[in-house]
Amino acid sequence: MVTLRVNGEDRQADVPPDMPLLWVLRDVIGLTGTKFGCGIAQCGACTVHIDGQPIRSCQMPVSAVGDRAVTTIEAIGNTPEGAKVQQAWLAVDVVQCGYCQSGQIMSATALLARTPNPTDRDIDAAMSGNICRCGTYVRIREAIKQAATGQPQGLQVIVDGSAA
Amino acid sequence: MNARIRGDEGIDEARRSALKLAGGGLAVAFLWTAGMGPAFAQMNPRRQPADEAAAIADGNPPFAPNAFIRIDADGSVRLVMPSAEMGQAIYTGISMMLAEELGVGLDQIKVEHSIASDALYGIALLGGGQITGGSTSTRGQWQSLREAGAVAREMLIAAAAAQWQVEPASCSVSRATITHVPSGRTLGYGAVAEAAGKLPQPASVTLKDPKDFTVIGKPLRRVDSPDKVNGGTQFGIDVKVPGMKYAAVRTSPELAGTLGSVDDAKARAIPGVVDVIKIGDAVAVVGEHYWAAQRGLDALEIEWRHGVNEHLDTATLVAALQESSRNGPALVGRKPKGEAAAGGKAVEMTFVTPMLAHAPMEPLNATVHVTPGKCEIWTGTQVPTRAQKEAARICGIPLEAVTVNNQYLGGGFGRRLETDQVEQAVAFAKQVTYPLKVIWSREEDIRHDRVRPLYFDRISATLGDDGKPTSWKHRITSGTVLGRWLPAAMGKDGMDSDAIECAADLPYDMENVLVEWVYHVMPPGLVVGWWRGVGPTHNLFIVESFIDHLAHTAGKDPLAYRRSLMKPGSRPLGVLDLAAEKIGWGSQPLPARVGRGIAVASPFGSHVCAIVEVEVTAQGVLRLRRAVVAVDVGIAINPSSIQAQVQGGVLFGLSAAMFNGITLKDGMIEQSNFHNYRSLRINETPPIEVYTVNSGESPGGLGEVGTAIAAPALANAIFAATSVRLTELPVTRTSLVESAEALKHVATIGSGTGDVA
């Protein structure tokens, strides 16, 4: 039995110690916002935070987490950077299929927490571990800049349905 | 309005009629056909018998005027989505079409996945099936969904007008509220929903003039965005069913090989492993969670039986295609008009384009619960009614006993037009009593993809004194996707219209064009499938590379050469000129080993030109610097979605052209995961500018347009930068290096492995 601190709550899980955190979150705790994409830390879809640091949960044995705080996409909006990133993601309308976006948002949030005004190179370095097969990268870059500066970055302003 | 928008006059009459499906009301009633332009009403927007059942199953809401709209008494508006959402923003596009005529804001609606029903949601453009593919969703539903919205609006107005005892014509609607204009009285949709449900449908409705659109044409936020940024969206892989267990599977790595003996003693000893189950070519381990199932699978000792592909490899396959290309028989897709002028300069090239995997981010999965006489499926699919049919067949139960709960798709790209994975999950699930969630690992996903076909092309032309082609011959050799997937859509002569799309119908004004296709039968087990952009993605690489080569051979600028071959005022010329203007073609010299490449075409009823700018270092390292894309998709429903689809589509095509090729060895696919089946990453992605020509024509397809145009623009840019003309994909570094010797040296000191490709 392991005890995990997930999104501010203690969760008990009766799982083998070498079970990756990804599957504990998804199949045992029931938080399915964190995604399985490759299983070999190549795609970043499974990114979560451990004490604010982005990690690939498909490669992290649950026993290695210890008493550190796990934050997933479901709760990242409770952090100031997470909320800003989610808002910017909506403002620029980044998502397409959306499957990789949990991981993208977790990586972007960690970037902004450590580098409030990232350069293009900072963005490349922090985000190149996250694959998006739909190819939303142009908007991901815009959204990160928008989250950092609070200023609109896109060529077009996305409007919500109430404008019509 | 004329659906026929492309210069397909050169396609002979026999071919044109072969492209028509019997009974199809359209000029051409199937997808991916050479003659297909924008489409018209496909699905019946009026109430149908099957609607009643759907409405009852749906909780029998007060007002369900047709298959697409539900308005509850509390005023909430639910729109039922006949297409599958896989990232292409079709839920948003459909919502916009419905909302425009219904008179609601997008923020006021809730979207729901539709049930599986060909009767309600079948698309005639796709042979009547409920299918999301071929860039047909917007085209197929443009007219019908607006009419569906208008029908509901008129009934709601009629109900309000009756209550107020006023003329319906004196009422207006906005944001789900009806206003009696003279008196200023208002009623919400919810207040009249029940009464509206009892009224007869109007005999005819008037659709808005496009100039009065308030929703269509605006860059609206996707309706599915909010849940996709907080982890709330439920994809197929996220489904939770009480009592569900998890299965990890391994299918014979050798294509068409079968399962021999399995020693499962070690697997069953692993805590959490529940079951080991087998079918003819695969074995599954069931666990309390997916990790236990995966560990169990790895602990199996499996003996596979060889099949016919034991010695199959890529080189053999390419050689076989070349042999078929030489010997035919060739079917004619476009006949030349008149005789070619004598003499001139002959130019010929051959191309090999590789098999490709889809690798959607969400690995294939399906959750299936088989109970006596029934089967329930939860999965994300582009073909819900096909999945239903296959499950009924496997379980030996009637169609109605199978329920398909469609989910959001974590990418489709054509992969989820297949039901193989659902069929396999059903075959496993019927051996157990509990609901079974079967998830393919990424390795299974790539090794058992239904790949984009391998192609061999021979293309030649004769150039006259002015450098323009006086004749053009193109022979395509490949397997057939269409012939397996929808054989009824094959030509009477056996022609595959997908195989020649964008090869037979060129944007260039040429008379003497011969386009042929040779069908090469692929080995059993090597199943070829639809891959984003399908036939055009392949053909445009050949055609636009070759046109570029002809321009170079004639000593002409690639832009000027293309312009000289296009009809003044044509839509493809419009996008060519716009893209050239926006990138500043020819305005200033580019640095050494930097080049720009053009590609232009009219795939999927739209028109597109991409200009890609690359840099290639002396060591052969390719870097994307910039891309400019101009599109003419007719009426732009959501400019934001258009930009996103074009950017994403171009990147999908560039990714494949730069990195991807599925290869075979000993009958097995050699690639297995993102380390050896690469995908473009953000640090490799250039700025991509998208410009739109607003032509006012009916909407064309969009989801595949960017993908189809990407590879030739890239290849032509590489030529401009290096003088290397690519005739095979993907790009390899060794082919681009300035000096092979220098590269060898760099590789030796760099990595010590000498592996430079």
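Residues numbered from 1 in each chain as written. Chains lettered and ligands numbered in written order. Predicted model: local features only at pLDDT ≥ 70, side-chain atom pairs only at ≥ 80, totals over all residues.

For this particular structure, what's the right way to read the overall build of chain A?
The secondary structure content of chain A amounts to five helices and five strands. Helices and strands appear in chain A in the N-to-C order β-β-α-β-β-β-α-α-α-α. Expected size for 164 residues packed as a compact globule is a radius of gyration near 15 Å; at 16 Å, chain A falls within 12% of this value. Principal-axis analysis of the C-alpha atoms gives chain A an extent of 50 × 35 × 25 Å. (Helix = DSSP H or I, 4+ residues; strand = E, 2+ residues; numbered from the N terminus. Rg over C-alpha atoms; globule rule 2.2 N^0.38 Å.)

Honestly, the overall build of chain B in this entry has me stumped. Any pointers?
Of the regular secondary structure elements, chain B holds 22 helices and 27 strands. Per-residue burial for chain B yields a buried fraction of 58% across its 757 residues. (Buried ≥ 20, exposed ≤ 12 C-beta atoms within 10 Å, placed from the backbone.)

Explain the domain arrangement of chain B to me, please; I cannot follow it from the model alone.
When the parts come together, some accessible area is lost, and that loss is often what is quoted as the size of the interface. Residue and element names in this part refer to chain B. For chain B, the domain assignment lists domain 1 (49–228), domain 2 (236–308 + 364–439) and domain 3 (455–745). In this structure, domain 1 and domain 3 have C-alpha centres spaced 38 Å apart. Taken together, the elements giving at least two residues each to the side of domain 1 that touches domain 3 come down to α3 (90–102) and α5 (137–164). (Domains from an automatic or database assignment.)

Hey, could you run me through the interface of chain B and chain A in this one?
Across the contact, 58 residues belong to chain B and 57 residues belong to chain A. Only α7 (225–228), α9 (290–299) and α19 (639–659) of chain B provide two or more residues apiece to the side of chain B that touches chain A. A breakdown of the residues in the side of chain B that touches chain A according to their chemical character gives 26 nonpolar, 21 polar and eleven charged. (Contact = placed C-beta atoms within 7 Å. Nonpolar A, V, L, I, M, F, W, Y, C, P; charged D, E, K, R; others polar.)

What should I look at first to understand the environment of B:E310 in this one?
Residues and elements named next belong to chain B. Note that E310 resides in the loop between β12 (301–305) and α10 (314–327). Here the alpha-carbon distance between E310 and A256, two residues 54 residues apart in the chain, equals 9.3 Å. Those residues in contact with E310 that lie beyond four places of it in its chain are E254, D666 and G667.

Help me understand the sheet that holds strand β4 (residues 109–113) of chain B, please; the structure alone is not making it clear to me.
Picture the strands of a sheet paired through backbone hydrogen bonds; they go either parallel or antiparallel. Residue and element names in this part refer to chain B. Strands sit in the order β1-β2-β3-β4 across an open sheet of four strands; the sheet is mixed. Only two strands of the sheet have a single neighbouring strand rather than two, namely β1 (63–66) and β4. Across the sheet, the mean angle from the axis of one strand to that of its neighbour is 25 degrees, orientation sign disregarded. Of the strand pairs in this sheet, strand β3 (residues 77–81) and β4 are connected by five bridges, and their pairing is parallel. Across the sheet, V77 pairs through a bridge with I109, a residue of β4. Helix α6 (residues 189–197) rests against β1, β2 (69–71) and β3 of the sheet, and its axis sits at about 65 degrees to β1. (Pairing = 2+ DSSP bridges. Axes fitted to C-alpha atoms, helices over the stretch in contact; angles between N-to-C directions.)

Would you explain the confidence of the model for chain B in this entry?
Residues and elements named next belong to chain B. Residues at a pLDDT of 70 or more form 87% of chain B, whose mean pLDDT is 88. Here residues 750–757 is a poorly scored stretch, pLDDT under 50, and it has nine contacts once near neighbours within four places are set aside; other chains count. Both confidence scores are given for the complex: pTM 0.90, ipTM 0.97. (pLDDT = per-residue confidence, 0-100.)

Looking at this structure, how should I read the domain arrangement of chain A?
All names here are of chain A. Segmenting chain A into domains produces domain 1 (2–75) and domain 2 (77–151). Relative to domain 2, the C-alpha centre of domain 1 lies at a distance of 20 Å. Contact residues are listed per partner, giving 16 residues for domain 1 and 14 residues for domain 2. Within the residue set of the side of domain 1 that touches domain 2, elements represented by two or more residues are β3 (47–50) and β4 (53–56). Looking at which element gives the most residues to the side of domain 1 that touches domain 2, the answer is β3, with three residues. Taken together, the residues that form the side of domain 1 that touches domain 2 break down as seven nonpolar, eight polar and one charged.

What is the right way to read the pairing of strand β22 (residues 594–601) of chain B from this model?
As a general feature of sheets, a regular strand has side chains that alternate between the two faces. All names here are of chain B. Judged by how many residues are buried, β22 sits mostly within the fold: seven of eight residues are covered. Sheet topology note: the β22/strand β23 (residues 607–616) ladder contains eight bridges and is antiparallel. Bridge pairing links A599 to A610 in β23. Connecting the antiparallel pair β22 and β23 is a turn made up of five residues, with F604 showing a positive phi of about 55 degrees.

What is the right way to read the nonpolar core from this model?
In a soluble, globular protein the nonpolar side chains are often hidden away together inside. All names here are of chain B. Counting 275 residues, the largest nonpolar core has A610 and V629 as the members making the most contacts within it. Here the element with the most residues in this core is helix α20 (residues 705–722); it accounts for 13 residues. The residues touching A610, leaving out its near neighbours within four places in the chain, are A579, A599, A627, V629, V650, I709, A710 and A713. (Core = buried A, V, L, I, M, F, W, Y, C linked by C-beta atoms within 7 Å.)

Sorry if this is basic, but what is going on with the sheet that holds strand β7 (residues 185–188) of chain B here?
Residue and element names in this part refer to chain B. An order of β5-β6-β7 is seen for the three strands of this open sheet, with the pairing classed as antiparallel. Bordering the open sheet on either side are β5 (171–174) and β7, each of which pairs with just one other strand. Between one strand axis and the next, the sheet turns through 25 degrees on average, direction left out of account. As paired strands, strand β6 (residues 177–180) and β7 are joined by four bridges and run antiparallel to one another. Residue pairing for β7: I178 is matched across the bridge by L187.

Is there a simple way to think about the environment of B:V515 in this case?
Residue and element names in this part refer to chain B. Mapped onto the elements of the fold, V515 is located in strand β21 (residues 513–519). What makes V515 buried here is the crowd of 29 C-beta atoms within 10 Å. Remark: the alpha-carbon pair of V515 and G184, spanning 331 residues in sequence, is separated by 65 Å. Sequence-distant contacts of V515, defined by excluding residues within four places in its chain, comprise G333, R334, H474, I500, A503 and A504.

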